[in-house]
Amino acid sequence: MRTSGVDEMAPPLLELAGVDSGYGEAQILYAVSISVAEGELVCLIGPNGAGKSTVLKTVFGLLAPWAGTITYAGAPIGGEPPADVVRTGIGYVPQRRNVFGSLTIEENLQMGAVARDDDGSAVIAGLYEQFPLLADKRAARASTLSGGQRQILAFARALVPEPQLLLIDEPSAGLAPNTAEEVFAHVEAVNARGTAVLMVEQNAKRGLAISDRGVVLDQGAVEFTAPADAVLEDERIAELYLGG
Amino acid sequence: MSEPLLRVTDLQKAFGGLTATDHASFTVEAGTITGLIGPNGAGKSTLFNLISGFLPPDGGRVHIAGEELTGATPAEVAAAGCIRTFQTPRPLAGMTVREALLIGPQQQVGEAPLALFSRPAAVTTTERSNLEAVETIAAEFAIAHLLDAPATDLSGGQLKLVELARAMLARPQLLLLDEPVAGVNPTLRNTLAEHIERLHAEGVTCCIIEHDMEFIMQLADPIIVLDRGRVLMEGPPATVQSDPRVIDAYLGGG
């Protein structure tokens, strides 16, 4: 719920049009159309198994769309492998198993620099200032981090390539209340600097509160899309998806 | 005073130079829903791993129902009546959701080969009632439509629900739940809370790690706060929520 600086007339930064996707023979997404404008923060909500994570995985190239098109900055990216997608300027923070346990925190961050032309050391230094926890533990193996700390590391790593669009899968899951607030503040800050965000979040009320727009996904299809405050105020949506 | 169901005494665990559990001592009294909260990295999941036999402690002791289980295997801990769930469960490959859930119920008569011959009716009866219990809980947790799907087809949140359902079907003496509602849709959160309360009313003692304050503060009493591997404080929810140390280390906002 905020005043958005989004230019509604400009072509979207990311556009999914009629996308079908799934795993093996199991179809999860049915003709999904979602767009994210430059600098926009879009929150994707819906029941467990609705296909929210599948949307992100399909955009990032972990899954190839079965049908439909995915356009990023005017160019088709549907079916491109993640290594190519990340170079177009899209970052991805997965929900689970999101760090390299046998590597140190520093090495994990350096992995994020693979898509950069330089070694990313200046950006990483800046991230250490933003996330003092990571600076304190930079030489420790990521496997020694708690679940919540891993989440923060994965988030920071996705920022290393300085993406134009960040795909974030449940940033607050498993985080202590104060840490979750910090992560939401970081998402807002990253967005305020111009990075568009497509975020999946089960803590829907909290997620929508920092978003421009909400998209409700149910059984693999877009059920509802509206400005975030309208989604928050819709009684039917509240009852069905926000826990009343 | 009777012996607590779970007694953790001076428990220690370090990973390399990193101390995860720093002389932690606490008890979980039988018949309670005990909450375990604390900052990320406070050592909450490590404690569960030490109690449930997934990690050996460096020092200290674990007693469940008076029996010493320090360093016991996960199977021994489960046999002693303590079942735990994981923060990020993994699917049971090669099984359908129904099959994965049927692992839950304990002491299934058909597991004893002799009973298959000597008491076939009893085997059939328990199997039928287990199947019914699986269908019931699957309906409550909104996963009934997935019963015949391969367990590997589930989303992160659905896997969580399957794991919770399986642990609950086990009806253990002591149920350790590691962040049961993280990644679960808010509309299902209340269903889970009701289910935990029902198990509790039936005599299952629960110890729950959870960051969702609304959920844990309504459900649990007492609440134990862990910070840097040790117990920071313990008390009823209202006391814990208003404690400046807890606000500072964990809740934030002030």
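Residues numbered from 1 in each chain as written. Chains lettered and ligands numbered in written order. Predicted model: local features only at pLDDT ≥ 70, side-chain atom pairs only at ≥ 80, totals over all residues.

Peer 1: What's the story with the interface of chain A and chain B in this structure? I'm lost.
Peer 2: How big an interface is tends to be expressed through the accessible area that disappears when the partners come together. With 30 residues of chain A in contact, the opposing surface of chain B contributes 31 residues. Elements supplying a minimum of two residues to the side of chain A that touches chain B: helix H6 (147–159), helix H7 (177–192) and helix H10 (235–241) of chain A. Counting residues per element, the side of chain A that touches chain B draws most heavily on H7 of chain A, at four residues. Residue classes in the side of chain A that touches chain B are distributed as 13 nonpolar, 14 polar and three charged. (Contact = placed C-beta atoms within 7 Å. Helix = DSSP H or I, 4+ residues; strand = E, 2+ residues; numbered from the N terminus. Nonpolar A, V, L, I, M, F, W, Y, C, P; charged D, E, K, R; others polar.)

Peer 1: How should I be thinking about the nonpolar core in this particular structure?
Peer 2: Soluble globular proteins: nonpolar side chains tend toward being buried together. Leu44, Leu167 and Leu198 of chain A together with Val162 and Ala165 of chain B are the most contacted members of the largest nonpolar core, which totals 141 residues. Residue-level mapping places this core at the junction of two domains, with at least three residues from each of domain 1 (6–90 + 170–251) and domain 2 (92–153) of chain B. Not counting residues up to four positions away in its chain, the partners in contact with Leu167 of chain A are Leu56, Val59, Phe60, Ile90, Gly91, Tyr92, Val93 and Leu198 of chain A. (Core = buried A, V, L, I, M, F, W, Y, C linked by C-beta atoms within 7 Å. Buried ≥ 20, exposed ≤ 12 C-beta atoms within 10 Å, placed from the backbone. Domains from an automatic or database assignment.)

Peer 1: So what exactly am I meant to see when it comes to the pairing of strand S9 (residues 213–218) of chain A here?
Peer 2: Along any regular strand, the residues point their side chains to alternate faces of the sheet. Residues and elements named next belong to chain A. Within S9, five of the six residues are buried, leaving the element largely enclosed by the surrounding structure. In terms of strand pairing, strand S3 (residues 41–45) meets S9 through four bridges, oriented parallel. Across the sheet, the residue bridging to Cys43 is Gly214, located in S9. Taken together, the six bridges between S9 and strand S10 (residues 221–227) define a ladder with antiparallel strand orientation. Looking across to S10, one finds that Asp218 is bridged to Ala221. Between S9 and S10, which pair antiparallel one after the other, the connecting turn spans two residues, and Gln219 there sits at a positive phi close to 50°. (Pairing = 2+ DSSP bridges.)

Peer 1: How do you make sense of the packing of H6 of chain A against H7 of chain A when you look at a structure like this?
Peer 2: Geometry of a packed helix pair, given as the angle between the helix axes and the separation of the axes. All names here are of chain A. Look at H6 against H7: their axes get within 11 Å of each other, and the N-to-C directions meet at 10°. If you check the angle between H6 and H7, you find them roughly parallel. Counted together, Gly148, Ile152, Phe155 and Leu159 of H6 and Thr179, Val183, His186 and Val190 of H7 form the full contact between these two elements. (Axes fitted to C-alpha atoms, helices over the stretch in contact; angles between N-to-C directions. Parallel < 35°, antiparallel > 145°, perpendicular 65-115°, else oblique.)

Peer 1: I would appreciate a short explanation of the sheet that holds strand S5 (residues 75–76) of chain A in the present structure.
Peer 2: The strands making up a sheet associate through backbone hydrogen bonding, with each pair oriented either parallel or antiparallel. All names here are of chain A. Read from one edge to the other, the open sheet built from four strands follows the order S2-S1-S4-S5, with strand pairing classed as antiparallel. Of all the strands in the sheet, the pair left with one neighbour each is strand S2 (26–36) and S5. By the bridge criterion, five bridges tie strand S1 (residues 14–23) to strand S4 (residues 67–72) in an arrangement that is antiparallel. Bridge assignment links Ala17 to a residue of S4, and that residue is Thr69. Each of S1, S2 and S4 touches helix H1 (residues 52–60); the most contacted strand, S2, lies at about 75° to it.

Peer 1: Sorry if this is basic, but what is going on with the domain arrangement of chain B here?
Peer 2: Residue and element names in this part refer to chain B. As far as domains go, chain B holds domain 1 (6–90 + 170–251) and domain 2 (92–153). Between domain 1 and domain 2, the residue contacts involve four residues of the former and six residues of the latter. Across the side of domain 1 that touches domain 2, the residue classes break down as two nonpolar, two polar and no charged.

Peer 1: Which parts of the structure should I look at to understand the environment of Val246 of chain B?
Peer 2: All names here are of chain B. Tracing the chain through its elements places Val246 in helix H10 (residues 244–251). Val246 gets classed as buried once you count the C-beta atoms within 10 Å, which come to 21. In this structure, the C-alpha to C-alpha distance between Val246 and Val225, residues 21 residues apart in sequence, is 7.5 Å. Contacts of Val246, omitting those with residues within four sequence positions, involve Val225, Leu232, Met233, Val240 and Leu251.

Peer 1: Looking at this structure, how should I read the packing of helix H5 (residues 120–140) of chain B against helix H6 (residues 156–169) of chain B?
Peer 2: Residue and element names in this part refer to chain B. For the pair H5 and H6, the least separation of the axes is 10 Å and the interaxial angle reads 140°. By the criterion of interaxial angle, the relationship of H5 to H6 is oblique. In terms of crossing hand, the pair formed by H5 and H6 is right-handed. Of the residues in H6, those in contact with Ala133, Val134, Ile137 and Ala138 of H5 are Ala165, Met168 and Leu169. By residue class, the composition of the contact of H5 with H6 is seven nonpolar, no polar and no charged. (Left-handed = near helix turned anticlockwise from the far one by under 90°.)

Peer 1: Can you help me understand unusual backbone geometry in this one?
Peer 2: Excluding glycine, residues mostly have negative phi values, and the peptide bonds linking residues are mostly trans. Residue and element names in this part refer to chain B. Cis geometry marks the peptide bond from Asp221 to Pro222; its omega dihedral reads 5°. Even without being glycine, Arg171 reaches a positive phi, approximately 45°. Tracing the backbone shows Arg171 in the loop between H6 and strand S7 (174–178). Although it is not a glycine, Glu179 adopts a positive phi angle of roughly 50°. The residue Glu179 is located in the loop between S7 and helix H7 (186–201) in this model.

Peer 1: In this structure, what is going on with the confidence of the model for chain B? I would like to understand it.
Peer 2: Close reading of the predicted structure is inappropriate where its pLDDT is low. Averaged over every residue, the pLDDT of chain B is 89; residues scoring 70 or more account for 95%. For this predicted complex, the interface confidence comes out at an ipTM of 0.74, alongside a pTM of 0.83. (pLDDT = per-residue confidence, 0-100.)

Peer 1: Looking at this structure, I do not really get the sheet that holds strand S5 (residues 67–68) of chain B. What am I missing?
Peer 2: Residues and elements named next belong to chain B. The four strands are arranged S2-S1-S4-S5 in an open sheet whose pairing can be described as antiparallel. Of all strands in the sheet, those with a lone pairing partner are strand S2 (18–28) and S5, marking the two edges. Strand direction decides the pairing type here: strand S1 (residues 6–15) and strand S4 (residues 59–64), joined by five bridges, are antiparallel. Across the sheet, residue Val8 finds its bridge partner in S4, namely Val62.

Peer 1: Just to check I follow, could you spell out H10 of chain B for this structure?
Peer 2: Structural remark: α-helix, 3.6 residues per turn; residues separated by three or four positions point the same way. Among the residues of H10 of chain B, Val246, Tyr250 and Leu251 of chain B are the ones counted as buried. The arc that holds the buried residues of H10 of chain B, viewed along the axis, is 65°, so those residues lie on one side. Facing away from the buried side of H10 of chain B, by more than 90 degrees, are the exposed residues Pro244, Arg245 and Asp248 of chain B. Close packing links the buried residues of H10 of chain B with H7 of chain A together with strand S3 (33–37), strand S9 (223–227), strand S10 (230–235) and helix H9 (237–242) of chain B. Phi turns positive one or two residues past the end of H10 of chain B, at Gly252 of chain B, with a value near 70°. (Arc of directions from axis to C-beta.)

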